[in-house]
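Reading the structure
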Amino acid sequence: MEMVDSCVAGVAFSANPLNSDRDELVIDSSWGLGESVVDGSVEADRFIYCKVNKTILERNIGKKTLEKRLNVTNGGVDTTTIDDEAKQSQSSLDEDQILELSNLVTIVEEQYGTPMDIEFAIQQGGNSLKLLQARPITTLFYIDEDMMTNAGEKRILYYDFNIASEATTTTPFTHMDMQLYTRNVKFDDGSKLQHVPT
C-alpha cells in the first residue's frame, strides 16, 4: 500500500466525542502526517462544525511546533521543528477544505448508519483530500433509541438523578446506592420515588 505524502492530515468525528452531540462534527488537523495529531505530539487545530446549518461553530488554532513528513527517498518519517511562528499559528485547513472534509465525513456516516471516526490526509502538491480509514466512534454516551432525535430537531429532555441530586460521585450509582437514595426522596404530595432494579 502506498503512503500518502500529506501536507495536512488528521482525524474527524461525525459526532462530537466531547459532548456526544450528533449534530456536530469535530475535526483535528495539523501540518504533515496525521501521526502527530493522533499521538498528541502537536497542539492540533480543532474545528467544530454544525452539520444542520453547515457552519463552523468553533475554530481553535493550535500552536503546531513540529511536522512529521514522509521521507520519499527511504520511506521513513522525518520530524522537523517549525520555527516560523506565523506557520505555527496558521490554520492548517482553509474554509473550503473544512467544508469538503465535513461533506465527506457526513457521507461516510450516512453509508455506515452510525457516527464514524475517520483519518484523512490532504496530499502534497495535488491538494486532494484522501480518506485513509473509517471506524465507528465507540466513546459516545449511550442514548436510548426512543430518545434519539433527527438532526436539527429539539432534543428530548431526560432526568438524570446524578445531576438532580448534585451527587458528588463520578461513578454510576449501584443498585444499593439507588435503594438508599430512593428511600430518602419524597415528592410534594408525600409519595416516594420508586426504584426498579434493572
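Structural data are supplied above this passage.
In this report, we go over the structure that sits alongside the text. The residue numbers shown here count from 1 along each chain, following its written sequence. Where totals are concerned, whole chains, interfaces and linings use all residues; where local detail is concerned, this predicted model gives features only for residues with pLDDT of at least 70, and gives and counts side-chain atom pairs only at 80 or more. With hydrogens and water excluded, all non-hydrogen atoms of the structure serve as input to the side-chain values.

Attention shifts here to the pattern of salt bridges. Any carboxyl oxygen of Asp or Glu that lies within 4 Å of a side-chain nitrogen of Lys or Arg is treated as forming a salt bridge with it. Within this structure, the stated rule accounts for 11 salt bridges. As a salt-bridge pair, Lys68 and Glu35 come within 3.4 Å of each other at their nearest N and O atoms. Here the residue Lys68 occupies a position in strand β5 (residues 66-70), and Glu35 occupies one in helix α1 (residues 35-38), the gap between them amounting to 33 residues. Accessibility here uses a 1.4 Å probe with only protein chains present; expressed as a share of the type maximum, an area under 20% marks a residue as buried, one over 50% as exposed, and anything in between as partly exposed. Residue Lys68 is classed as buried on the basis of its relative accessible area, which comes to 10%. Judged by its relative accessible area of 40%, Glu35 is partly exposed. Every helix listed is a DSSP run of H or I at least four residues long, and every strand listed is a run of E at least two residues long, numbered separately from the N terminus.

In this description, a nonpolar core means a group of buried Ala, Val, Leu, Ile, Met, Phe, Trp, Tyr and Cys residues linked to one another through side-chain atoms lying within 4.5 Å. Judged by nonpolar contacts, the single largest core of 19 residues is most densely connected at Ile27, Leu93, Leu101, Ile118 and Phe120. Sequence-distant contacts of Ile118, defined by excluding residues within four places in its chain, comprise Gly10, Val11, Ala12, Leu101, Val105, Val108, Leu131, Gln133 and Ala134. Counting residues in hydrophobic clusters, the runner-up holds 8 residues, among them Val11, Ala15, Val26 and Ile137. Whether two residues touch is decided by their heavy atoms; if any such pair falls within 4.5 Å, the residues are in contact.

What follows is about the pairing of strand β7 (residues 116-123). In terms of burial, β7 is largely enclosed, as 6 of its 8 residues are buried. The pairing of strand β1 (residues 6-13) with β7 spans 7 bridges and is antiparallel. Its bridge partner lying in β7, Gly10 is registered against Phe120. As defined by bridge partners, β7 adjoins strand β8 (residues 129-136) across 7 bridges and the pair is classed as antiparallel. Across the sheet, the residue bridging to Glu119 is Gln133, located in β8. Only strands that DSSP links by at least two bridges are regarded as paired with each other.

The next thing to look at is the pairing of strand β6 (residues 77-81). In the sheet, β5 pairs with β6 via 5 bridges, with the strands oriented antiparallel. Looking at β6, one finds that Arg69 is bridged to Asp78. Between β5 and β6, which pair antiparallel in sequence order, lie 6 residues; one of them, Gly75, sits at a positive phi of approximately 80°.

With that out of the way, let us pick up the environment of Glu109. By the secondary structure assignment, Glu109 is in helix α3 (residues 95-112). With relative accessibility at 16%, the residue Glu109 sits in the buried group. For the pair Glu109 and Arg135, spaced 26 residues apart in sequence, the C-alpha to C-alpha distance is 9.7 Å.

Mapping Ser20 onto the fold places it in the loop between β1 and β2 (24-31). Here Ser20 is in contact with Leu140 and Phe141, once residues within four sequence places are set aside.

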